[in-house]
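Coordinates in review
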Amino acid sequence: MIDLDAARAILRSNDLGGYTVPTRGLYPFQWNWDSAIIALGWHCFDEGRAWHEARTMFDGQWDNGLLPHILFHSDSDSYFPGSEVWGANSRIPSSTVSQPPVWALAIAMMLDRSKASAAARAEVEALLPKLLAHHRWWYRDRDLGKSGLVETYHPWESGMDNSPAWDAPLARVPRVEWEYQRRDLGHVDECQRPSHGEYDRYLYLIEFLKHNHADPRRMSTSSPFRVVDLTIVSILHRATRELVSLCQQFGLDSAIPDLEVQLARTRAAMSGCWSEDHRCFLNRDKVSGTPLAERTTASLLPLFGLLASERQASQMASLIEEWLAASRFSLASTHPESPRYEPTCYWRGPVWLHINWMIADGLTAYGYDDLAREVRAQSIKCIEAAGGYFEYYGSETGEGCGGGEFSWTAAVALFWLAGE
């Protein structure tokens with residue numbers, strides 16, 4: 001059995017008064033998609049605190065609709081790179097990229113779980129224009145060609161920082177030449193984190209964004225790292241569907257036609273990301289114009305996005321059955337058959353429970369209930385083997401990896417694994 005009292009205690013311990021850090025020390029600020037998932041956990045036992053989490057995140061939204069991936073609410077010397085490296089001109093110091101846009105889905109789930117109470121409706125009514133602005137930012141600034149597939153210009157924006165899918169696009173990014181001190185390695189074993197060469201390139205891309213003022217036209221034509229990330233595409237599509245529903249419920253009918261156009265574009269474009277040989281969807285390199293032929297859990301997230309056909313879903317379900325059997329703990333974030341698979345190294349192989357939740361949710365949506373239950377059982381198995389709520393889990397040993405006392409893992413236990 002998993003300890004839900006411990007999960008609640010982790011959220012309380014990581015609460016810095018209006019925002020919840022992922023874990024103390026390693027991640028001392030408010031992260032965008034972490035915060036959305038954490039809000040769902042708060043909502044299971046403290047609805048008011050859940051809405052406060054959302055309000056605090058959207059307090060940092062830029063005027064153009066961007067919701068940054070980090071808000072630096074206070075100073076800390078335990079994390080690098082800080083706000084001074086990003087150089088954002090924002091009300092609250094922030095990064096200049098976003099993260100997978102989970103918020104509209106999280107808010108729709110919170111409204112539903114609140115049984116549309118008057119208090120919850122008031123919260124949603126206040127947040128809805130900000131959600132619309134953020135989704136419009138994605139479609140306007142990250143899909144200039146109206147292809148239906150938004151682009152991203154930094155691996156950190158994808159949320160899957162050192163995924164093997166990014167190896168080739170990242171290899172053409174120059175390395176920074178200035179010296180810096182990483183702080184993450186003071187908290188986590190080096191073998192569980194991105195390499196120094198990857199960090200050099202992450203920092204180059206931050207400088208590139210800064211020197212180009214994060215201008216969408218400059219980034220779309222000049223960025224050395226420019227990809228279609230299935231995590232973002234899938235989550236954006238699912239969240240936009242939820243946003244349409246929220247607009248219907250709250251009388252914002254005028255916003256719906258444009259959102260429906262964007263949904264239709266994405267559905268039409270997804271066939272270009274499907275690989276019959278791999279039996280899943282593949283990320284794409286926009287610079288070379290080629291698919292990135294690496295099977296990662298991002299390849300399965302179009303199920304969560306409701307973007308797969310029934311035939312594609314059937315092939316993906318068969319692949320997931322094999323994927324589950326390929327490592328002792330699942331789902332490994334990179335397919336264990338890959339030569340780049342590393343079972344304890346961040347996004348190159350470990351198990352991430354919030355991604356398992358999304359994949360299981362997608363399987364349920366397509367009628368694969370037994371398979372969804374197995375993904376859930378594998379997630380519980382990780383927590384039990386490690387004896388707690390870690391950032392991620394070794395896919396061969398089940399050991400807890402990355403940060404400990406981790407907020408979004410605790411939240412996933414509360415709103416998914418508790419077994420509603």
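Summary of the structure given here. (Residues numbered from 1 in each chain as written. Predicted model: local features only at pLDDT ≥ 70, side-chain atom pairs only at ≥ 80, totals over all residues. Heavy atoms only, no water.)

A separate point is the overall build of the protein chain. Counting secondary structure elements, the protein chain contains 16 helices and 9 strands. Computed over C-alpha atoms, the radius of gyration of the protein chain comes to 20 Å, within 12% of the 22 Å expected from 2.2 N^0.38 for 420 residues, which places it in the range of a compact globule. Expressed along its principal axes, the backbone C-alpha trace of the protein chain runs to roughly 55 × 45 × 45 Å. Here the protein chain holds 420 residues, and the buried ones make up 62% of them. If you take every contact in the protein chain between residues at least 6 apart in sequence, the share linking residues at least 24 apart comes to 70%. Looking at the protein chain as shown, the accessible area adds up to about 15,300 Å², and 46% of this sits on carbon and sulfur atoms. (Helix = DSSP H or I, 4+ residues; strand = E, 2+ residues; numbered from the N terminus. Rg over C-alpha atoms; globule rule 2.2 N^0.38 Å. Buried < 20%, exposed > 50% of the residue type's maximum accessible area, 1.4 Å probe, protein only. Contact = heavy atoms within 4.5 Å. Areas by Shrake-Rupley, 256 points an atom, 1.4 Å probe, with all protein chains shown as cover.)

This next bit is on helix H12 (residues 256–269). Taking 1.5 Å of rise per residue, 14 residues should cover 20 Å, and H12 covers 20 Å from first to last C-alpha, within 8% of that figure. On its buried face, H12 sits against helix H6 (118–141) and helix H11 (230–249). (Expected span 1.5 Å × (residues − 1).)

Here helix H2 (residues 32–43) crosses helix H5 (residues 103–113) at 10°, and the two axes come no closer than 9 Å. With respect to H5, the axis of H2 lies roughly parallel. Between H2, through Asn 32, Ser 35, Ala 36, Ala 39, Leu 40 and His 43, and H5, the contact on the second element is made entirely by Trp 103, Ala 106, Met 109, Met 110 and Arg 113. Its residues assigned to classes, the contact of H2 with H5 shows 7 nonpolar, 3 polar and 1 charged. (Axes fitted to C-alpha atoms, helices over the stretch in contact; angles between N-to-C directions. Parallel < 35°, antiparallel > 145°, perpendicular 65-115°, else oblique. Nonpolar A, V, L, I, M, F, W, Y, C, P; charged D, E, K, R; others polar.)

Next up on the list: the packing of H6 against H11. Direction vectors running N to C along H6 and H11 enclose 135°, while the axes themselves pass 10 Å from each other. The orientation of H6 with respect to H11, classified from their angle, is oblique. In this structure, H6 crosses over H11, and the sense of that crossing is left-handed. Contacts between H6 and H11 involve Arg 121, Val 124, Leu 128, Leu 131, Leu 132, His 135, Trp 138 and Tyr 139 from the former and Ile 232, Leu 236, Ala 239, Thr 240, Leu 243, Leu 246, Cys 247 and Gln 249 from the latter. Its residues assigned to classes, the contact of H6 with H11 comprises 12 nonpolar, 3 polar and 1 charged. (Left-handed = near helix turned anticlockwise from the far one by under 90°.)

Omega for the bond connecting Phe 80 with Pro 81 falls within 30 degrees of zero, at 5°, which places this linkage in the cis form. Take Pro 81: it is sitting in the loop between strand S2 (70–71) and helix H4 (83–86). Here the amide bond leading from Ser 330 into Leu 331 is cis, since omega sits at 0°, within 30 degrees of zero. Inspection of the secondary structure puts Leu 331 in the loop between helix H13 (310–325) and helix H14 (353–365).

The full count for this structure, using the stated rule, is 24 salt bridges. The shortest N-O distance in the salt bridge between Arg 348 and Glu 198 comes to 3.7 Å. Here the residue Arg 348 occupies a position in the loop between H13 and H14, and Glu 198 occupies one in helix H9 (residues 196–211), the gap between them amounting to 150 residues. You can call Arg 348 buried: its relative accessible area is 8%. What makes Glu 198 buried here is its relative accessible area of 13%. In the salt-bridge network here, residues are joined through shared partners; they are Asp 167, Glu 198, Glu 294, Arg 340, Glu 342 and Arg 348. (Salt bridge = Lys/Arg side-chain N within 4 Å of Asp/Glu carboxyl O.)

Per the stated rule, a full pass over the model turns up 0 disulfides. Cysteine Cys 191 is unpaired, with the sulfur of Cys 345 as its nearest cysteine sulfur at 7.4 Å. Here Cys 401 stays unpaired: no disulfide links it, and the sulfur of Cys 191, its closest cysteine neighbor, is 7.7 Å away. The buried category is assigned to Cys 401, whose relative accessible area is 0%. (Disulfide = S-S within 2.5 Å.)

Turning our eyes to something else, we now look at the packing of aromatic side chains. Counted by the stated rule, this structure contains 28 aromatic pairs. Ring centres of Trp 156 and Tyr 202 lie 5.2 Å apart, and the angle between their planes is 50°; this geometry places the pair in the tilted category. Separated by 46 residues along the polypeptide, Trp 156 in helix H7 (residues 155–158) and Tyr 202 in helix H9 bring together distant segments of the chain. Of the two residues, Trp 156 and Tyr 202, both sit in the buried class. (Phe/Tyr/Trp six-rings, centres within 6.5 Å; stacked < 30°, edge-to-face > 60°.)

What follows concerns the nonpolar core. Membership of the largest hydrophobic core comes to 147 residues, with the highest contact counts inside it found for Trp 103 and Met 358. Looking at which element gives the most residues to this core, the answer is H11, with 10 residues. With near-sequence residues (within four places) excluded, Trp 103 lies in contact with Asn 32, Ser 35, Ala 36, Ala 39, Glu 53, Ala 54, Met 57, Phe 58, Leu 67 and Leu 131. (Core = buried A, V, L, I, M, F, W, Y, C linked by side-chain atoms within 4.5 Å.)

Let us now look at H6. In a regular helix each residue adds 1.5 Å, so 24 residues correspond to 34 Å; H6 covers 35 Å between its end C-alpha atoms and thus fits that length. The largest bend in H6 amounts to roughly 40° and is located at Leu 127, with the proline Pro 129 lying one to four residues further along. (Bend = angle between axes of the 7 residues up to and from the residue.)

This paragraph deals with the sheet that holds strand S6 (residues 284–285). Think of a sheet as strands paired side by side through backbone hydrogen bonds, with each pair either parallel or antiparallel. Sheet architecture is open: 3 strands sit in the order S3-S6-S7, paired in antiparallel fashion. Of all strands in the sheet, those with a lone pairing partner are strand S3 (227–228) and strand S7 (290–291), marking the two edges. (Pairing = 2+ DSSP bridges.)

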